[in-house]
Amino acid sequence: MELKIDSRKSPVVIRTDCQELIDFLQNDSFPKRYIPEFHLDDCATEKGLVMVSEKSDEFKLDLDYPSRVIYHGSNIQIDTVVLLGYIMERIRQEKGVYSLHSSAVSKNRKGVVFIGDKMAGKTTLSLYCASNGFAFISDEKTLIDPKNGLIVGGNKIIAPNEFLTNQTDLDTTKSMNCASEANLNLIVYPRLYENPVPQLQQWSQQKVNMYFYAKFGEYICGHSVRLNNLQAPVESLDTLVLALQRIKDVEALTQSVPAYTIKGNKEAIFHAVNGLL
């Protein structure tokens, strides 16, 4: 059977006889949580790169981008989705679109991206903003078009964690106002403290440049991708041509979008963001 998976015009056709994988791609929430703007079409009418994925006790990966991708393994559901996300990142980067570990919201098409490490408060702030007049765009991964200064999509499914009240996956498209695109107007690195008065520090252009060059390369270099129950690393899909293009794209972002570290409680950060927009 063939299934077409798409993410922001980055189609990959999955060819498989494994019903277990087909059911997983069609019904499980993990693909939508892992791949931003995940879309599945049962009829692969528009051809893209073909990935053959089959279940086997013996692990094998033939990754010859863009000619062929052949996967055999026992952990077929998770491995296939992880590999899909990796390949789609390469396809998107060829078009100047990058996945960024972040969350994002917008108001009147003015977009705000919350960046930072795990537990920085990105999801908390995006949900708070979405409950107070903003449109929700993404959680965990946001798609950025830096050359054109745009947010062009992201993950809409939020997994449960110890800091949120949802006990199951939260589908934001069913519970709040959502948007898929916005202008990229502001970047915020939040520092959540119990302080009602926000403290703002603007980043230098050099700091913005260094941060985003590293982050835009994160999902294509292979160091974060492992298959076969985390025992099989995957070769990098990055190239010198793409790296040089990232330099230009990051420079465009650096010149046009301000970035701030903002300290305070969520209400304080929310009001500071409103003021900066």
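Residues numbered from 1 in each chain as written. Predicted model: local features only at pLDDT ≥ 70, side-chain atom pairs only at ≥ 80, totals over all residues. Heavy atoms only, no water.

**Observations regarding the nonpolar core**
And step 1. In this structure, V12, M51, V69, L83, L84, Y86 and I87 are the most contacted members of the largest nonpolar core, which totals 34 residues.
And step 2. Sorting the residues of this core by element identifies β1 (2-7), β2 (12-15), α1 (19-27), β4 (49-55), β6 (68-73) and α3 (76-94) as the ones contributing at least two each.
And step 3. Here the element with the most residues in this core is α3; it accounts for nine residues.
And step 4. Not counting residues within four places of it along the chain, the set of residues in contact with I87 comprises V12, L49, M51, Y65, V69 and L237. (Core = buried A, V, L, I, M, F, W, Y, C linked by side-chain atoms within 4.5 Å. Buried < 20%, exposed > 50% of the residue type's maximum accessible area, 1.4 Å probe, protein only. Helix = DSSP H or I, 4+ residues; strand = E, 2+ residues; numbered from the N terminus. Contact = heavy atoms within 4.5 Å.)

**Observations regarding the sheet that holds β6**
And step 1. An order of β3-β1-β2-β4-β6-β5 is seen for the six strands of this open sheet, with the pairing classed as mixed. Here the strands that pair on one side only, and so sit at the sheet edges, are β3 (38-41) and β5 (60-64). Each adjacent strand pair in this sheet contributes to an overall mean axis angle of 20 degrees, direction not counted.
And step 2. Bridge analysis of β4 against β6 gives five bridges, and the strand direction is parallel. If you follow E54 over to β6, its bridge partner there is H72.
And step 3. Where α3 meets the sheet, its contacts fall on β1, β2, β4, β5 and β6, and the angle it forms with β4 comes to roughly 165 degrees. (Pairing = 2+ DSSP bridges. Axes fitted to C-alpha atoms, helices over the stretch in contact; angles between N-to-C directions.)

**Considerations on the side chain of K215**
And step 1. Relative to the elements of secondary structure, K215 occurs in helix α6 (residues 205-216).
And step 2. Not counting residues up to four positions away in its chain, the partners in contact with K215 are S99 and L100.

**Some words on the packing of helix α4 (residues 122-130) against helix α8 (residues 266-276)**
Packed helix pairs are characterised by how far apart their axes lie and by the angle those axes make with each other.
And step 1. Where α4 contacts α8, the axes come no closer than 10 Å and their chain directions differ by 65 degrees. When the interaxial angle is binned, α4 and α8 end up roughly perpendicular. The handedness of the crossing between α4 and α8 comes out as right-handed. Each of T124, L125, Y128 and C129 in α4 lies in contact with α8, whose residues at this interface are K266, E267, I269 and F270.
And step 2. Of the residues belonging to the contact of α4 with α8, the class tally is five nonpolar, one polar and two charged. (Parallel < 35°, antiparallel > 145°, perpendicular 65-115°, else oblique. Left-handed = near helix turned anticlockwise from the far one by under 90°. Nonpolar A, V, L, I, M, F, W, Y, C, P; charged D, E, K, R; others polar.)

**Remarks on α6**
And step 1. For α6, built from twelve residues, the straight-helix expectation of 16 Å at 1.5 Å per residue is met to within 8% by its first-to-last C-alpha distance of 16 Å.
And step 2. As for α6, its buried residues are in contact with α3, β7 (98-101), β11 (141-145), β15 (182-192), α7 (240-256) and β19 (259-264). (Expected span 1.5 Å × (residues − 1).)

**Things to note about the packing of α1 against α3**
And step 1. Axis separation between α1 and α3 bottoms out at 9 Å; the angle between their running directions is 55 degrees. As judged from the angle between their axes, α1 and α3 are oblique. Handedness of the α1/α3 crossing: right-handed. Taken together, the residues of α3 that come into contact with α1 (itself represented by E20, L21, F24 and L25) are I76, Q77, I78, T80, V81 and L84.
And step 2. For the contact of α1 with α3, a count of residues per class yields seven nonpolar, two polar and one charged.

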